[in-house]
Amino acid sequence: MQNSSKESITIAEEFIRETKKQEQRAIIMKLVPIVLLIALIIIFGSITPQFLTVSNLYSNILEQLSILLVTSMGTTFVILMGGIDLSTEGMVGFAGCFVGLLVQNSANDMNLGILGIIITILFSALIGAGIGLIHTKLRLPSFIITFSAGYIAQGLGVLTYKGIPAAILDEGIRNLYFHKIAGLPVLTWIAFVVFFIALFLEKKTAFGRYVFAIGDNEKIPVMSGVNVNKVKILVFVWTGICFGIAGIMGAAKLGTSQIYIGQDLLFPTLTAVVVGGTSMSGGQGGVVNTLIGVLIVTVLQNGMVMAGVPNELQKGVQGLIIISVIVLSRRRSRKQIVK
Amino acid sequence: MKKLLSVSIALIMVLMLAACSNEGDSGTEKKSTSSELTESSEAPKPTESAESTDEKLVIGISVRNIENPYYVQIYDAVKQFTEYMGEEKFDIQFIACDSSDDQQVSDVQAMIARGGKNTVIYIDPNNAAVCSSVAKICEEAGVYWCSVWSYADGVYPYNFNYYAFHQTPGQVESEKELCLDMFSQFEEANKGKILAIKGLEGNTASIDRFAGLNEALKEAPDVELLDSQNGDWNPQTAQTLTTTWLNKYGADEIDAIWCANDEMALAVIETLKSQGLNGKIKVTGFDGITDAVNAIKSDDMFGTVGANPWLEGGQGVAYLYACWKGDLDVTSLSEGERCFYTEPQILTKENIDDFIKDYIDNSPEIDFDNYMDMIYAPLELE
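Since this is a predicted model, take the numbers as computed values, not measurements.

1. Quick word on the pattern of salt bridges
Residue and element names in this part refer to chain B.
So, step 1. Counted according to the given criterion, the structure contains 18 salt bridges over all chains.
So, step 2. Taking the shortest distance from any N to any O, the salt bridge between K176 and E219 comes out at 2.7 Å. Of this pair, K176 sits in helix α6 (residues 171-184) while E219 sits in helix α7 (residues 204-219); the two residues are 43 residues apart in sequence, bridging distant segments of the chain.
So, step 3. K349 serves as the salt-bridge partner of D299, at 3.0 Å between the closest nitrogen and oxygen. Linking D299 in the loop between α10 (290-297) and β10 (303-306) with K349 in the loop between β12 (345-348) and α12 (352-360), this pair joins segments that are 50 residues apart in sequence.
So, step 4. For D299, a relative accessible area of 46% translates into the label partly exposed.

2. Section: the interface of chain B and chain A
So, step 1. Taken residue by residue, the interface counts 33 residues in chain B and 41 residues in chain A.
So, step 2. Summed over both sides, the interface of chain B with chain A buries roughly 2800 Å², with 46% coming from carbon and sulfur.
So, step 3. At the junction of chain B and chain A, the tally comes to one salt bridge.
So, step 4. As a salt-bridge pair, E270 of chain B and R174 of chain A come within 2.2 Å of each other at their nearest N and O atoms.
So, step 5. Among the elements that make up the side of chain B that touches chain A, the one with the highest residue count is helix α8 (residues 235-249) of chain B (ten residues).
So, step 6. Residue composition of the side of chain B that touches chain A, grouped by class: eight nonpolar, 14 polar and eleven charged.

3. Here's the deal with helix α5 (residues 128-141) of chain B
Residues that lie three or four places apart on an α-helix share one face, since the helix turns once every 3.6 residues.
Residues and elements named next belong to chain B.
So, step 1. For α5, built from 14 residues, the straight-helix expectation of 20 Å at 1.5 Å per residue is met to within 8% by its first-to-last C-alpha distance of 21 Å.
So, step 2. Across the 14 residues of α5, eleven count as buried, placing the element largely inside the fold.
So, step 3. Restricting attention to buried positions, one finds in α5 the residues A128, V130, C131, S132, V134, A135, K136, I137, C138, E139 and A141.
So, step 4. For α5, the elements touching its buried residues are α4 (101-115), β3 (119-123), β4 (144-148), β5 (163-169) and α7.

4. Comments concerning the nonpolar core
So, step 1. In terms of nonpolar packing, the biggest core is built from 93 residues, with I59, Y144, F183, I197, L213 and Y319 of chain B touching the most fellow members.
So, step 2. In terms of residue count, helix α11 (residues 309-325) of chain B provides more of this core than any other element does, nine residues in total.
So, step 3. Apart from the residues lying within four places of it in its own chain, the contact partners of I197 of chain B are Q229, G231, A238, L241, T242, W245, I257, W258, C259, A260, M264 and V268 of chain B.
So, step 4. Core analysis: the next-biggest nonpolar cluster, separate from the first, contains 82 residues, I61, V70, Y177 and L201 of chain A among them.

5. Quick word on the side chain of N127 of chain B
Residue and element names in this part refer to chain B.
So, step 1. Turning to its location among the elements, N127 is positioned in the loop between β3 and α5.
So, step 2. A polar contact of 3.2 Å, which involves the side chain of N127, links it to the side chain of D101.
So, step 3. Setting aside its immediate chain neighbours within four residues, N127 contacts D101, E201, G202 and N203.

6. Things to note about the packing of aromatic side chains
Residues and elements named next belong to chain B.
So, step 1. Under the criterion given, the structure shown has 33 aromatic pairs over all chains.
So, step 2. Taken together through their ring pairs, the aromatic side chains of F81, Y84, F90, Y321, W324 and F368 make up a single cluster.
So, step 3. Positioned over the ring face of F286 is R209, at 4.0 Å from the centre of the ring.

7. A closer look at empty space enclosed by the protein
So, step 1. This structure, assessed with the given rule, holds two cavities of 30 Å³ or more.
So, step 2. For the largest cavity, the calculated volume is near 170 Å³.
So, step 3. Around the largest cavity sit 16 residues that line it, and R64, N68, Y71, D124 and D287 of chain B are the ones nearest its centre.
So, step 4. When contributions to the lining of the largest cavity are tallied by element, the ones reaching two or more residues are α3 (69-85) and α7 of chain B.
So, step 5. Of the residues that constitute the lining of the largest cavity, the class distribution is seven nonpolar, five polar and four charged.
So, step 6. Taken as a whole, the second largest cavity encloses approximately 80 Å³ of empty space.
So, step 7. P165, L254, T256 and Q258 of chain A together with P235, E263, L266, A267, I289 and D291 of chain B together form the lining of the second largest cavity.
So, step 8. The dominant element in the lining of the second largest cavity, judged by the number of residues it contributes, is helix α9 (residues 262-274) of chain B, at three residues.
So, step 9. Partitioning the lining of the second largest cavity into residue classes produces six nonpolar, two polar and two charged.

8. Focus: the sheet that holds β3 of chain B
Residue and element names in this part refer to chain B.
So, step 1. Spatially, the seven strands line up as an open sheet ordered β2-β1-β3-β4-β5-β11-β13, and their pairing is mixed. With partners counted over all chains shown, the strands left at the sheet margins are β2 (90-96) and β13 (377-378), one partner each.
So, step 2. For β3 and β4, the ladder comprises four bridges, and the chain directions are parallel. Across the sheet, residue Y122 finds its bridge partner in β4, namely C146.
So, step 3. Here α3 sits on the sheet in contact with β1 (57-63), β2, β3 and β4, set at roughly 175° to β2.
So, step 4. Together, β1, β2, β3, β4, β5 and β11 (339-342) form the strand contacts of α11, whose direction differs from that of β5 by roughly 170°.

9. Points about the confidence of the model for chain B
Residues and elements named next belong to chain B.
So, step 1. Looking at chain B as a whole, its pLDDT mean stands at 85, while 85% of the residues score no less than 70.
So, step 2. Looking over chain B, one finds the lowest element-wise mean pLDDT in helix α2 (residues 46-49), namely 38, and the highest in strand β8 (residues 256-259), namely 98.
So, step 3. Across residues 14-52 the pLDDT falls below 50, and counting only partners more than four positions away or on other chains, this stretch makes 54 contacts in the model.
So, step 4. This prediction of the complex comes with two scores: 0.80 for pTM and 0.82 for ipTM.

10. Things to note about the confidence of the model for chain A
So, step 1. On average, residues of chain A score 89 in pLDDT, and 94% of them reach the 70 mark or higher.
So, step 2. When pLDDT is averaged over each element of chain A, helix α8 (residues 186-204) of chain A comes out on top at 97 and helix α14 (residues 311-329) of chain A at the bottom at 77.

What counts and what doesn't
Residues numbered from 1 in each chain as written. Chains lettered and ligands numbered in written order. Predicted model: local features only at pLDDT ≥ 70, side-chain atom pairs only at ≥ 80, totals over all residues. Heavy atoms only, no water. Salt bridge = Lys/Arg side-chain N within 4 Å of Asp/Glu carboxyl O. Helix = DSSP H or I, 4+ residues; strand = E, 2+ residues; numbered from the N terminus. Buried < 20%, exposed > 50% of the residue type's maximum accessible area, 1.4 Å probe, protein only. Contact = heavy atoms within 4.5 Å. Buried area = accessible area lost by both parts, 1.4 Å probe. Nonpolar A, V, L, I, M, F, W, Y, C, P; charged D, E, K, R; others polar. Expected span 1.5 Å × (residues − 1). Core = buried A, V, L, I, M, F, W, Y, C linked by side-chain atoms within 4.5 Å. Polar contact = N/O pair within 3.5 Å; in protein donor to acceptor, adjacent residues only side chain to side chain. Phe/Tyr/Trp six-rings, centres within 6.5 Å; stacked < 30°, edge-to-face > 60°. Lys NZ or Arg CZ within 6 Å of the ring centre and 35° of its normal. 1 Å grid on protein atoms, 1.4 Å probe; cavity = no way out; pocket = protein on both sides within 12 Å on 5 of 7 lines; lining within 4 Å. Points joined across faces, edges and corners; volume = space filled by probe spheres on them. Pairing = 2+ DSSP bridges. Axes fitted to C-alpha atoms, helices over the stretch in contact; angles between N-to-C directions. pLDDT = per-residue confidence, 0-100.

See below:
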């Protein structure tokens, strides 16, 4: 009798010890992206003193991350619920082309101003809703439907200007880039607003909780009576809104409406989300993680140019660092099946 | 029910595959997986096979993307040619490969599948390597084609029956001339610091244009190239590089930013505008697109090299048409008539008004009958 009670206490203690270990490991893994970010700043700062200047760390890097932050805020929710969105480039490019033709421009007589911006965002949201509907009603994987939607959006975008991009003449749009508040372009502040809205959605709304629940184990919210399809559609609507805003920001920066606005955005967006610590299988991570990821990607790009890393090595270095942070920040079980 | 559906789909796919393999020219059946290129001794001689028919001639235009105004001008020129000759005789296929070599090769095969021997192809290779594959495919299919801007080492038109010609605006010399002109107009003539944004790694146009800059730097030893990076032809990348460099070096230390094309140059100008530096830091590009022309006129941009897409596209296709029709036997032409420069136009503030009058405000007249006039100088490839 005395022996078995000694064993049960020992098992309980061991259980507590294991749980504490797992919690510590989880904390360490969560800290890996932050530690990496700090390490990158220190390394680049020691190689190039100009890297650590306020004008680079504050004005330059924050401006450079604006569009990526917005696209990542949208993609984070898709990945949190266990899906993926590959339509980034096409959607952002389309939004950039579309808004260019609605506001004052060199190609037509339209001059809708702020209304043009609202219409573009609404239209992008509508496309997102369409993607969500097809994903849920026709039960097509998000991979394929967003991949196709991206191409469709790209084609529509090119059709809007037929190879001759319109110059954007609307001063309001141009001032999103030219006008500065506290040393940062307006569009950077817009990116921050999008971030805080995303944070609010994640932390303070039922929608945010449902997204996590769906990503963690979809059956549970279904059994709990959550309208999972509606949540999924709303996630893609949110992503569409983010891509629309990013497209408008890109058009403001370039001063023209053309499909290039979305070019080469997909990989950095996905990288930022994953490197920040959001799990590709869903249910773990969040927008704060993504913010760290966006900072890592931007600091890396900025730092390598500052440090004069040869072109040929830059992509390789980026890849190595990304793999390293993912390896260090993921818990891998021997029993886990990896595909 | 599911089994029936699966079998039906499989059957449809088999029938489609069979249809594709029997369609059009036998060239697609002879597609080789080998990348090794040999002269085809089995391809039909041009004079034997290039007969005009009542069928439509497929004019395939294969480019990197259709967002670049330069390519749109090529298309416009080809369209003018078809209108000149009678539109109903032609079927224009204008296809972008989205910067993918494999996609471009597939596009060429698709064009040939559409028109068979009644196909001519005008291609701006995404990378030099594409030329090898296209040369082999077209040689086997008996389809005339030409390349513009990029070519592959060892793959030269005069070694083939159906690789009609390669044309390029002289990029090295024209870039050199433009850069030397720009250096001479620095605050302290021929002394200063510049930065360079190249195009895509491995792309001949990017390599040649950067070579032109380097030639100019050799003749201006007091001009220092602080850094060069690949912009990948992406305006957003060009903007990111610009802001990073402005922080690294400081605006006062930079006299000019050289860009491998106009689109990147225009993006750089927007970034400079946001910091009040447009016109203070000189910017150059390449292509001569309308927005660049306007930027030169407004002193935001120093200059560009205008290719002449109307001439290249219009007279280029006229050349291919003559080959297809049997009016021109390329095998009898000299090397210089099959590999040549077209005349580049260096555009700066001094001549921009004339250029606008001739090419922007009025549609340029293209002489389709005297297409050989587009040859400016022979291009030595070996």
